[in-house]
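Understanding the architecture of this molecule
Residues per chain are reported as follows:
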Amino acid sequence: MKKVEAIIRPEKFQDLRERLASIGFDGLTVTEVAGTGKQKGKVGVYRSTEFEVTLLSKLKVELVVSEERVDDIVGHIIDACKTNQIGDGKIFIHPIEQVIRIRTGESGTKAIY
Amino acid sequence: MKKVEAIIRPEKFQDLRERLASIGFDGLTVTEVAGTGKQKGKVGVYRSTEFEVTLLSKLKVELVVSEERVDDIVGHIIDACKTNQIGDGKIFIHPIEQVIRIRTGESGTKAIY
Amino acid sequence: MKKVEAIIRPEKFQDLRERLASIGFDGLTVTEVAGTGKQKGKVGVYRSTEFEVTLLSKLKVELVVSEERVDDIVGHIIDACKTNQIGDGKIFIHPIEQVIRIRTGESGTKAIY
Ligand SMILES: Nc1ncnc2c1ncn2[C@@H]1O[C@H](COP(=O)(O)OP(=O)(O)OP(=O)(O)O)[C@@H](O)[C@H]1O
Ligand SMILES: Nc1ncnc2c1ncn2[C@@H]1O[C@H](COP(=O)(O)OP(=O)(O)OP(=O)(O)O)[C@@H](O)[C@H]1O
Ligand SMILES: Nc1ncnc2c1ncn2[C@@H]1O[C@H](COP(=O)(O)OP(=O)(O)OP(=O)(O)O)[C@@H](O)[C@H]1O
Ligand SMILES: [Mg+2]
Ligand SMILES: [Mg+2]
Ligand SMILES: [Mg+2]
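Predicted model only: the values in this text are computed from it and were never measured. (Residues numbered from 1 in each chain as written. Chains lettered and ligands numbered in written order. Predicted model: local features only at pLDDT ≥ 70, side-chain atom pairs only at ≥ 80, totals over all residues. Heavy atoms only, no water.)

So, about the site of ligand 1. For ligand 1, the set of nearby residues contains 21 residues, the closest of which are Lys38(A), Gly87(A), Gly89(A), Thr29(C) and Arg103(C). Surrounding ligand 1 is a set of residues that belongs to chains A and C. Contact distances for ligand 1 include 3.4 Å between an oxygen atom and a backbone N or O atom of Asp88(A). Lys90(A) is positioned such that a nitrogen or oxygen atom in its side chain is 2.8 Å from a nitrogen atom of ligand 1. For ligand 1, the accessible surface in isolation is 610 Å², of which the surrounding protein chains cover 97%. Put simply, the parts of the chain that give the shell around ligand 1 at least two residues each are strand S2 (28-36) and strand S4 (90-95) of chain A together with strand S2 (28-36) and strand S3 (56-65) of chain C. If you tally residues by element for the shell around ligand 1, the top one is S3(C), at 3 residues. (Near = heavy atom within 4 Å. Polar contact = N/O pair within 3.5 Å; in protein donor to acceptor, adjacent residues only side chain to side chain. Areas by Shrake-Rupley, 256 points an atom, 1.4 Å probe, with all protein chains shown as cover. Helix = DSSP H or I, 4+ residues; strand = E, 2+ residues; numbered from the N terminus.)

In this complex, chain C contributes 35 residues to the contact, which on the side of chain B involves 26 residues. Of the roughly 2500 Å² buried where chain C meets chain B, counting both sides, 56% is carbon and sulfur surface. Summed over the three residues of chain C that lose the most area to chain B, namely Lys38(C), Lys90(C) and Ile93(C), the buried surface amounts to 19% of that side. Its salt-bridge partner being Lys60(C), residue Glu62(B) comes within 2.8 Å of it at the nearest N-O pair. Linking chain C to chain B there are 12 residue pairs in polar contact (both at pLDDT 80 or more). Elements represented by at least two residues in the side of chain C that touches chain B include exactly strand S1 (2-8), S2, helix H2 (70-81) and strand S4 (90-95) of chain C. Along the lines of polarity and charge, the residues of the side of chain C that touches chain B split into 16 nonpolar, 10 polar and 9 charged. The sheet contact formed by strand S5 (residues 98-101) of chain B and S4(C) spans 4 bridges and is antiparallel. For Val99(B), the partnering residue across the bridge sits in S4(C) and is Phe92(C). (Contact = heavy atoms within 4.5 Å. Buried area = accessible area lost by both parts, 1.4 Å probe. Salt bridge = Lys/Arg side-chain N within 4 Å of Asp/Glu carboxyl O. Nonpolar A, V, L, I, M, F, W, Y, C, P; charged D, E, K, R; others polar. Pairing = 2+ DSSP bridges.)

Let's shift gears to the relation of the copies chain C and chain B. Of the transformation placing chain C onto chain B, the axial shift is 0.0 Å and the rotation is 120°, giving an RMSD of 0.0 Å. Such a combination of turn and shift is consistent with a three-fold rotation axis. Little of the interface of chain C is mirrored in chain B: 6% of its interface residues are interface residues there too. (Least-squares fit on C-alpha atoms with pLDDT ≥ 70 in both.)

By the burial criterion, the buried members of helix H1 (residues 13-22) of chain C are Phe13(C), Leu16(C), Arg17(C), Glu18(C) and Leu20(C). Those residues of H1(C) that are buried lie in contact with S2 of chain A together with S1, S2, S3 and H2 of chain C. (Buried < 20%, exposed > 50% of the residue type's maximum accessible area, 1.4 Å probe, protein only.)

So, in structure tokens, the structure goes:
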């Protein structure tokens, strides 16, 4: 089991949501976050320690999936969220050791979906 | 060391909090999130790409614990958060490689609690 | 690749941000969270099940970095966020299996920065 975590443009979430639903995938958790990625050294150069780097609003979307679905999910995230402009976001893949459904006590792969 | 991450109904948090405090456990981090789990394919069937699937408000509760406490903590989360209705939530177990207490610089198990 | 996750006092974020920028590091994600750490058993003792333990506002700062930068980043977080008062926060180190830049499709170390 893996966790696919995508930091995306908020305006791309609805597209991603529909695309995942169309392949029957609807287990996900969303968090409002703020962030910065690569800024190419241009920010704050003239204002030294006084600079305030603006953080951009992003959405963190987390999907716990079985290992064999990771590549497919990553492809759908890229297709839904890519605009070719800087700031399109990042995907991080994490190991997950166990999943438990609270209602039933089920664990492992059958608790994911 | 492991991270026990529970996505729960917000109204169950106070019960969980008290239950954990009663066993002397009080290191935790809470985040407001939104999510969906299994929807049994019923959502959006008639409205294809126009549907908007409502996300439900949940709380993410994260507890970093030593390995031997994981099963106990999971049991307490289930006892506190289970209503037997769909949407009771999920528990994810993650590996953690290191913990450091910023104030003291301590690391490892003695930095957890 | 590792994820360095720091739960810090919100008022220390700007210092940390500038310190990281000064070493050329600007990929990070910030989330508003609430939490408690060790409370030394003093909370709620007289009010049993009625107590409400106050959660404190914290910021979660996540930085995905290559393995060889972890110790350096941890040192900078401690230097920026330590006040020597209880509640200075915690740092958790997590394994990361893969990173992908959505715009370019790049993966691995060259997708981190
Ligand atoms: N190394 C990192 N660690 C943690 N979060 C990151 C990291 N890099 C990026 N992020 C998160 O991802 C968001 C989007 O990053 P962004 O798309 O700008 O990445 P980038 O590497 O600068 O790519 P691009 O060149 O396309 O802008 C950031 O706002 C931040 O929340
Ligand atoms: N695979 C998943 N990946 C990420 N987050 C998930 C996943 N499944 C569930 N969640 C999170 O857990 C929350 C609760 O899920 P939920 O209890 O509905 O799970 P479920 O598998 O549908 O179980 P039930 O049949 O009891 O409803 C969701 O709102 C979402 O935030
Ligand atoms: N074991 C833990 N699991 C998850 N989150 C934790 C844990 N311990 C602390 N935290 C998070 O870190 C924040 C800061 O913790 P805090 O600095 O009070 O840790 P502490 O161990 O009590 O250290 P100190 O003695 O310096 O207060 C908490 O508000 C909580 O969000
Ligand atoms: Mg960028
Ligand atoms: Mg459900
Ligand atoms: Mg404390």
